[in-house]
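# Coordinate analysis (summary)
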Amino acid sequence: MEVPILKQGDYLIATFQAALSDADLNQLRSGLIQQVVKLRSRGVLVDVTAMDVMDSFASRTLREIAHMIRLRGAETVIVGIQPEVAFAMVQLGLTLEDVTTALDLEEGLAYLNEKFKNTH
Amino acid sequence: MAKRAETLKETMTLNSQVTELVRSEAPSELLRELVAHLRQNRTQLREEWVGRISETRLLTAMTKEEIFAEATSVYDSYVEALETETFEALQAYARNLSERIIPRGVETHEVVGIVLLLRDVLARSLFAKYQADFKKLNRILDAYEPAANRIANTVSVSFVQERERVIRQQQEAIRELSTPVLQVRERLLILPMIGVIDPQRARQLTEQLLRGIRTNRAKVVVIDITGVAAMDVTVANHLVQTVEASRLLGATVIVTGLSPEIAQTLVTIGVDLGKMNTVGDLQGGIEQAERLLGYKVVTLAETR
């Protein structure tokens with residue numbers, strides 16, 4: 001199932017559904033890095049609230065997305081990681097280093113707004 | 001070889017003689033006689049027993065009257081168990097007794113001691129009664145000993161089980177008491193860790209904290225470990241994992257109150273402290289958390 005990418009003002013929002021194949025993840029990655037420049041977005045929010053399992057591929061893809069988008073000149077925030085998922089990820093060593101995370105979409109938006117508030 | 005065979009043969013004949021002796025009078029009949037004897041001499045034997053208890057300085061936590069009252073009940077249950085050869089009633093009584101005396105500091109060796117004393121007192125009375133008839137005494141003891149041993153066993157095991165139950169209950173209580181996740185300001189949680197952290201408790205703490213971050217929508221968490229005396233590799237790694245998992249939920253963790261010993265341990269075992277935000281004491285931790293959240297504490301005088 002393809003992940004829809006929504007435009008919301010200066011930001012892009014991608015919301016994960018429960019089960020995503022590796023192909024879906026790859027498609028999301030290429031979709032996001034194209035859209036982010038095309039739509040002149042300054043921030044990207046990836047919402048993973050619906051994911052109750054995070055495997056190493058998904059975790060690595062999230063990290064890659066964040067790094068690639070930084071190279072494209074925008075900021076990424078991963079939001080909505082569940083407590084159980086978070087602990088399982090850390091135990092597996094998937095700690096998403098150098099990637100900004102937030103509790104939920106609202107928090108993520110607040111973080112980006114705060115970051116860009118002086119540049120408007 | 002031949003000599004050994006002979007001894008073996010001898011023992012076998014002896015054994016069969018004993019079996020014959022026992023068979024000639026049914027054990028239940030012997031037990032009945034025994035019980036009648038114990039009932040008859042109840043007052044005297046009971047007093048002798050209590051005398052022996054105070055002589056050996058057992059049950060010092062209890063008064064003389066209490067010991068006498070309990071001894072009477074134990075004596076009666078004891079005789080009853082001998083008579084009916086069922087141990088349920090005695091077991092229930094022993095549990096009940098243990099429940100009453102454990103809070104008063106009665107030790108396991110005392111309980112085992114008094115039961116063994118009763119066994120000895122009764123055995124002595126049997127010796128006295130049947131000293132003229134050695135064969136009869138032997139048969140009576142054959143019937144008495146297994147039952148008496150089983151009684152002693154039942155009482156001791158009941159006591160120990162009751163004790164273990166109390167310990168389990170207390171462990172549970174400690175576990176529940178010792179893991180509070182407190183909100184002290186909007187979006188600021190405090191987790192005071194106290195006492196010995198074993199892997200099980202560490203896991204429970206983490207679960208509670210992560211759930212607390214979600215329900216309170218916390219942005220900053222202060223974990224205070226002033227009350228933790230020591231920390232091993234597993235728990236230290238667990239702490240680091242907790243910090244990282246909290247970050248994935250979007251919360252910053254500040255660890256406060258690391259004792260010099262724990263700081264040394266963490267460095268020696270090579271825990272990666274780069275990701276850990278540490279502040280000396282809880283006050284400093286809360287102040288830093290407030291800065292992160294954009295609070296500023298001012299006195300009333302300053303606002304005027």
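Summary of the structure given here. (Residues numbered from 1 in each chain as written. Chains lettered and ligands numbered in written order. Predicted model: local features only at pLDDT ≥ 70, side-chain atom pairs only at ≥ 80, totals over all residues. Heavy atoms only, no water.)

## Here we look at the sheet that holds strand β2 (residues 188-194) of chain B
In a beta sheet, neighbouring strands pair by backbone hydrogen bonds and run either parallel or antiparallel. All names here are of chain B. Strands sit in the order β1-β2-β3-β4-β5 across an open sheet of five strands; the sheet is mixed. Each of the sheet's edge strands pairs with one partner strand only, and the pair in question is β1 (182-185) and β5 (277-279). Neighbour-to-neighbour, the strand axes of the sheet open up by a mean angle of 30 degrees, direction not taken into account. Here β2 pairs with strand β3 (residues 220-227) via six bridges, running parallel. Its bridge partner lying in β3, Pro192 is registered against Asp224. Contacts from helix α8 (residues 199-216) reach β1, β2 and β3, with the element oriented near 165 degrees to β2. Packed on one face of the sheet, helix α9 (residues 233-248) meets β2, β3 and β4 (252-256) and runs near 150 degrees to β4. (Pairing = 2+ DSSP bridges. Helix = DSSP H or I, 4+ residues; strand = E, 2+ residues; numbered from the N terminus. Axes fitted to C-alpha atoms, helices over the stretch in contact; angles between N-to-C directions. Contact = heavy atoms within 4.5 Å.)

## Details of the interface of chain B and chain A
Counting from both sides, the interface comprises 16 residues of chain B and, opposite them, 20 residues of chain A. Its largest share of buried area at the contact with chain A, chain B owes to B:Arg214, B:Arg217 and B:Leu248, together 39% of the area lost on that side. Run the count over chain B and chain A and you get five salt bridges. A salt bridge links A:Glu106 to B:Arg217, with the shortest nitrogen-to-oxygen separation between them at 3.4 Å. Where chain B touches chain A, the interface holds 10 residue pairs in polar contact (both at pLDDT 80 or more). (Buried area = accessible area lost by both parts, 1.4 Å probe. Salt bridge = Lys/Arg side-chain N within 4 Å of Asp/Glu carboxyl O. Polar contact = N/O pair within 3.5 Å; in protein donor to acceptor, adjacent residues only side chain to side chain.)

## Some words on the pairing of strand β1 (residues 5-8) of chain A
Residues and elements named next belong to chain A. Here β1 pairs with strand β2 (residues 11-15) via four bridges, running antiparallel. Among the inter-strand pairings, Lys7 is bridged to a residue of β2, identified as Leu12. Connecting β1 to the next strand, β2, in antiparallel fashion are two residues, including Gly9 with a positive phi near 60 degrees.

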